[in-house]
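Structural features, examined
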Amino acid sequence: MRTQYKITILLAAIVCLPFFGTVGSQLRAEDVSFKASAPKQVVMGKPFQLTFSVNHRAKDLRAPEMPEFDILAGPYSSQSSSTSFVNGQRTSTFSLTYTYTLMARKEGSFTIDPATIVVGGDTYHSNALKITVLPADDNSAATPAQQEGSSAAPSSSSSASSSSSKGNGDIFIKTQVSKTKVHEQECILLSYKLYFAGVDVAQFTNNTKLPEFKGFLKQEIEQGEIQTELEHYNGRNYQTAVLYRTLLFPQKAGDIEIEPANFEAVLRVQNRTQVRSIFDDFFATYSNVTKPLTAPGVTIHVQSLPAGKPAGYSGGVGTFNVHSSISANSITTNDAVTLKLSISGKGNMKMVKTPSVDWPDGFEVYDPKVSNNFKNTTSGVSGSKDIEYLAIARAAGDYTIPPITFSYFDTNDNRYKTLTTESYTIHVARGANETDQTVVTTGTYTNKEDIQKLGSDIRYIETKALEQDVRQRQGLSGLWWLWYVIPLLMAIILFAVFHKQIRDNADINKVRYRKANKVAQKRLKQAKKLMHAGQDAAFYEEIERAAWTYLSDRLSIPQANLTKENISGILREKQIAEELIEEVSHVLSTAEFARYAPSAAGSKEELYDATAKLIDSLENTKL
């Protein structure tokens, strides 16, 4: 019996084995990651590495044909694995990497096709790579720092640069704008780009001072983490990093000057010793040096928008599209209808006005609801402006909503364009609860109150009760006015009081001046406790602090800048009595002497009384 049981289990396992193998293969297919990586830019004649990484044990790597590159070495394989336990769960990772060393044969942009590898009997493909091969450095070319002046001449109408160089190291910043000739409200991308070669940059931006961009509406682009790339410029290959980007919209015509921007880069410099040894390269020390850099200014030539603006011009400048829809074409009275309009495109989206809808008579119109979905990118502000127009039908009939027009200036064609939506026909039927006697006013509604059912018949108005109610209201009108006026006056008074307190508290010197005596009295109280406790050193220190702090607060001068000599001079300039000035000098000298030589000091009570008396005298004196 036991033997038959074992045979049954074995047969079941054999039958189910293909099924479990298929499930395991599917799971592996979802988890396998096979990726290729290499620098986006490389330099002609300089080797670089191409790697293929897979997160499972694999075999039979087949690299693509790479006729534009020479394979100097490889493939070299390496693998790593790790296991961790978190909250009782075991997690394992594995990585297998194949590395090639390549060198480009010619300049240009080239694509490396995907490679293949076998994992668990299945073949997987890596991603393709695009690599740009830059020219080698031209040693005869002048660096920007060697060119005339402290700033290099712009290589085009849209960029300028400022640089500094020392030895083989070179670092500078270029001011780049997408356009230098634009129309009003036309978008400009401004970038500050750092170039460096032969220097070790530890920090790209330290203290940054940007211009105010007067004459422009600014829309900043989220920077994120600064990335570096290679770029061939003026015969040399530089590492580059974009430090700041923003979108600018000129608000007036004419030449608008963008002032220079100031940056600081922190460079890592090796410390040089006068006596060199063979160990210097192994045990070298480094220091961080701050390098100020200036990004040159640039002039933007702004043209006025051409004449002949269409009627109802929206203020939009860019490229736009419009789309509209309506919630229903057949409704009953007192039902709402929603007309939706979407303005999408790229340009000065935030300056676009909301188009108006010419609703027919018989509709109560509400203010439109506007939703802005904009995104700032390097190509400009793009997205959509979604508008919902709500209206309520108050009268039965057939109505036509005319087309909505949207006019803008197209920057691609340099002319005005007008977009038009379709018109909509709405059939409004009489509501089920309404009768022929229902009173309906067919006019353009502007009231935004809640919808109420209209009366079903005309009723007699009792004028006697109405006249009595009017007389009562006239008698109470004065009292009602008081209920409104008194809170208003109280609000004005409270605003004036709080505004004065806020203004006074904003001046730190005035706050310290007003609270000088209060702070001094607290210190004197603490000094008295120390005196009774027999803590002489602490007592003298607290007395000295009370005097110096009080004088600092009353004279509005930091304690670090106060001395006994300049205190006397300041008090004489304020025409304070000479006896009081001598008393100030006496108390300060006695307190200082007593703190450093307590045994030789006089009576503590006399010093305490003299300090308290001095503060009272100064408090009663106008400083």
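Residues numbered from 1 in each chain as written. Predicted model: local features only at pLDDT ≥ 70, side-chain atom pairs only at ≥ 80, totals over all residues. Heavy atoms only, no water.

Below, the discussion takes up helix 5 (residues 564–573). Among the residues of helix 5, I567, S568, I570 and L571 are the ones counted as buried. Taken end-on, helix 5 shows its buried residues confined to a sector of 165 degrees, consistent with a single buried face. Residues of helix 5 that are exposed and point over 90 degrees away from its buried face: E565 and E573. One or two residues past the end of helix 5 sits Q575, with phi positive at roughly 60 degrees. (Buried < 20%, exposed > 50% of the residue type's maximum accessible area, 1.4 Å probe, protein only. Helix = DSSP H or I, 4+ residues; strand = E, 2+ residues; numbered from the N terminus. Arc of directions from axis to C-beta.)

So, on to the pattern of salt bridges. Tallied over the full model, the rule gives 14 salt bridges. Among the salt bridges present, the one from K179 reaches E186, with a minimum N-O distance of 2.7 Å. For K179, a relative accessible area of 36% puts it in the partly exposed group. For the salt bridge of R572 with E578, the shortest nitrogen-to-oxygen distance reads 2.8 Å. (Salt bridge = Lys/Arg side-chain N within 4 Å of Asp/Glu carboxyl O.)

Here we come to empty space enclosed by the protein. Tallied over the entire structure, the rule returns one cavity of 30 Å³ or more. In this structure, the largest cavity occupies an estimated 40 Å³ of space. Lining the largest cavity are L217, Q219, F249, G347, N348, M349, K350, M351 and V381. Tallied by class, the residues present in the lining of the largest cavity amount to five nonpolar, three polar and one charged. (1 Å grid on protein atoms, 1.4 Å probe; cavity = no way out; pocket = protein on both sides within 12 Å on 5 of 7 lines; lining within 4 Å. Points joined across faces, edges and corners; volume = space filled by probe spheres on them. Nonpolar A, V, L, I, M, F, W, Y, C, P; charged D, E, K, R; others polar.)

The next subject is unusual backbone geometry. At F213, a residue that is not glycine, the phi angle is positive and equals roughly 55 degrees. For N234, which is not glycine, the phi dihedral falls at a positive 50 degrees.

Before going further, it helps to spend a moment on the nonpolar core. With 35 residues, the main nonpolar core has F539, I543, I567 and V584 as its most contacted residues. Counting residues per element, this core draws most heavily on helix 4 (residues 536–555), which supplies nine residues. Contact partners of F539, with chain neighbours within four places excluded, come to A527, L530, M531, K604 and Y608. In this structure, I221, A391, A393 and Y424 belong to the second largest nonpolar core, which totals 31 residues. (Core = buried A, V, L, I, M, F, W, Y, C linked by side-chain atoms within 4.5 Å. Contact = heavy atoms within 4.5 Å.)

Okay, the pairing of strand 10 (residues 129–134) next. Pairing analysis gives three bridges linking strand 2 (residues 41–43) to strand 10, with the strands arranged parallel. Across the sheet, the residue bridging to Q41 is T132, located in strand 10. Note: strand 7 (residues 108–112) against strand 10, five bridges, orientation antiparallel. Across the sheet, S109 pairs through a bridge with T132, a residue of strand 10. (Pairing = 2+ DSSP bridges.)

Packed helices, taken two at a time, are described by the angle between their axes plus the distance between the axes. Taken N-terminus to C-terminus, the directions of helix 4 and helix 5 make an angle of 40 degrees; their axes are 12 Å apart at the nearest point. Looking at the two axes, helix 4 sits oblique to helix 5. Between helix 4 and helix 5 lies a crossing of left-handed hand. Residues W548, L551 and L555 of helix 4 pack against K564, I567, I570 and L571 of helix 5. Of the residues contributing to the contact of helix 4 with helix 5, the split by class is six nonpolar, no polar and one charged. (Axes fitted to C-alpha atoms, helices over the stretch in contact; angles between N-to-C directions. Parallel < 35°, antiparallel > 145°, perpendicular 65-115°, else oblique. Left-handed = near helix turned anticlockwise from the far one by under 90°.)

A word on helix 7 (residues 604–619). The end-to-end C-alpha separation of helix 7 is 23 Å, in line with the 22 Å expected for 16 residues at 1.5 Å each. Of the positions making up helix 7, those classed as buried are K604, L607, Y608, A610, T611, A612, L614, I615 and L618. (Expected span 1.5 Å × (residues − 1).)

Before going further, it helps to spend a moment on the confidence of the model for the protein chain. Put simply, the protein chain has an average pLDDT of 78, and 76% of its residues get 70 or more. Confidence scores differ between elements of the protein chain, with strand 11 (residues 151–156) showing the lowest mean pLDDT of 36 and strand 23 (residues 298–303) the highest of 94. In this model residues 14–27 is a low-confidence stretch, pLDDT under 50, and it forms one contact with partners more than four residues away in sequence or in other chains. Of the regions scoring below 50 in pLDDT, residues 163–168 engages in 18 contacts with residues more than four places distant in sequence or in other chains. (pLDDT = per-residue confidence, 0-100.)

Now for a nonpolar patch on the surface. On the surface, a cluster of nonpolar side chains totalling about 680 Å² of accessible area is made up of W483, Y484, V485, L488, L489 and I492. Considering the arrangement of structural elements, one finds Y484 in helix 2 (residues 463–506). (Patch = residues over 30% accessible without salt bridge, like charges linked within 9 Å, V, L, I, M, F, W, Y side chains within 5 Å. Areas by Shrake-Rupley, 256 points an atom, 1.4 Å probe, with all protein chains shown as cover.)

A word on the sheet that holds strand 23. Pairing in this open sheet of three strands is mixed, and the strands run 14-23-20 from one edge to the other. Every other strand in the sheet has two partners, leaving strand 14 (181–183) and strand 20 (254–258) as the edge strands with one partner each. With direction set aside, neighbouring strand axes in the sheet form an average angle of 35 degrees. For strand 14 and strand 23, the ladder comprises three bridges, and the chain directions are parallel. Looking at the pairing, V182 lines up with V302 of strand 23.

For the pair helix 4 and helix 7, interaxial distance at closest approach is 11 Å and the crossing angle is 10 degrees. Considering the angle they form, helix 4 stands roughly parallel to helix 7. In this structure, helix 4 contributes D536, F539, Y540, I543, Y550, L551 and R554 to the contact, and helix 7 contributes K604, L607, Y608, T611, I615, L618 and E619. Residue composition of the contact of helix 4 with helix 7, by class: nine nonpolar, one polar and four charged.

Here E229 lies in strand 18 (residues 228–233). Exposure remark for E229: the relative accessible area of 37% places this residue in the partly exposed category. Residues E229 and P39, spaced 190 residues apart in sequence, show a C-alpha to C-alpha distance of 8.9 Å. Ignoring anything within four residues of it in the chain, the contact list for E229 reads K40, Q41, Y238, Q239 and T240.

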